[in-house]
Amino acid sequence: MFSPLAYQAIPMSYTHSMNRSRRVNAVVIHYTASIVREAVNTVRYWENANQYTSANYIIDVLGRITSVIPEERRAFTSSSWGLGEHDIDDHAITIECSCNYVPPNINDQAKYTQSEETITACCELLADIAE
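**Student:** Got a minute to help me understand the sheet that holds strand β5 (residues 65-67) in this structure?
**Tutor:** In any sheet, the strands associate via hydrogen bonds between backbone groups, in a parallel or an antiparallel arrangement. What the 5 strands build is an open sheet, ordered β1-β5-β4-β7-β3; its pairing is mixed. A strand with exactly one partner marks an edge of an open sheet, and here the two such strands are β1 (8-9) and β3 (26-31). With 2 bridges joining them, β1 and β5 adopt parallel strand pairing. In the sheet register, Q8 faces β5, and the bridge partner there is T66. Lying over the sheet, helix α1 (residues 39-48) contacts β1, β4 (57-59), β5 and β7 (92-97), oriented at roughly 135° with respect to β4. Contacting β3, β4, β5 and β7, helix α2 (residues 116-130) runs over the sheet at an angle of about 170° to β7.

Structure (structure tokens):
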């Protein structure tokens, strides 16, 4: 099952997810900390790098929501695999938010920020998940 708010679906291989053993009662929001602006590029990186990394949803910098792992399946988002009761991904829907990149100036470091569109879409998705 995916949210009807999803702009597109890019299913990942189920080697990156599994059935949940607990009921969903939480949401985890991550950010990409990279300048990958489109969800398809994030998914390709996850799969091509052979990493056990995924999320139920990705929101790009334009606020487009992409479904990746169905809500009834556990994504690998929080590095909590094998922690038993502390395995947050086993009972959380996970959302990965893409970042804008602000280059450094002479007195500053580079910054990763969230666009207004990303924040708005995330709030809308949270409301939909809560229903």
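Text resumes after the structure shown.
**Student:** Whenever I open this one, the environment of S54 confuses me. Can you help?
**Tutor:** Tracing the backbone through its elements, the reader meets S54 in the loop between α1 and β4. Spatially, the C-alpha atoms of S54 and M12 are 8.0 Å apart, while their sequence positions differ by 42 residues.

**Student:** When you look at the pattern of salt bridges in this model, what are you seeing that I'm missing?
**Tutor:** Pairing between side chains becomes possible if they bear opposite charge and their charged atoms approach one another. Within this structure, the stated rule accounts for 3 salt bridges. For the salt bridge of R64 with D60, the shortest nitrogen-to-oxygen distance reads 2.6 Å. Using a relative accessible area of 3% as the deciding quantity, one classes D60 as buried. Across the pair R74 and D89 runs a salt bridge whose closest N-O atoms are separated by 3.9 Å. Here the residue R74 occupies a position in strand β6 (residues 73-75), and D89 occupies one in the loop between β6 and β7, the gap between them amounting to 15 residues.

Cut-offs and rules
Residues numbered from 1 in each chain as written. Predicted model: local features only at pLDDT ≥ 70, side-chain atom pairs only at ≥ 80, totals over all residues. Heavy atoms only, no water. Pairing = 2+ DSSP bridges. Helix = DSSP H or I, 4+ residues; strand = E, 2+ residues; numbered from the N terminus. Contact = heavy atoms within 4.5 Å. Axes fitted to C-alpha atoms, helices over the stretch in contact; angles between N-to-C directions. Salt bridge = Lys/Arg side-chain N within 4 Å of Asp/Glu carboxyl O. Buried < 20%, exposed > 50% of the residue type's maximum accessible area, 1.4 Å probe, protein only.

Coordinates in, geometry out; function isn't part of it.
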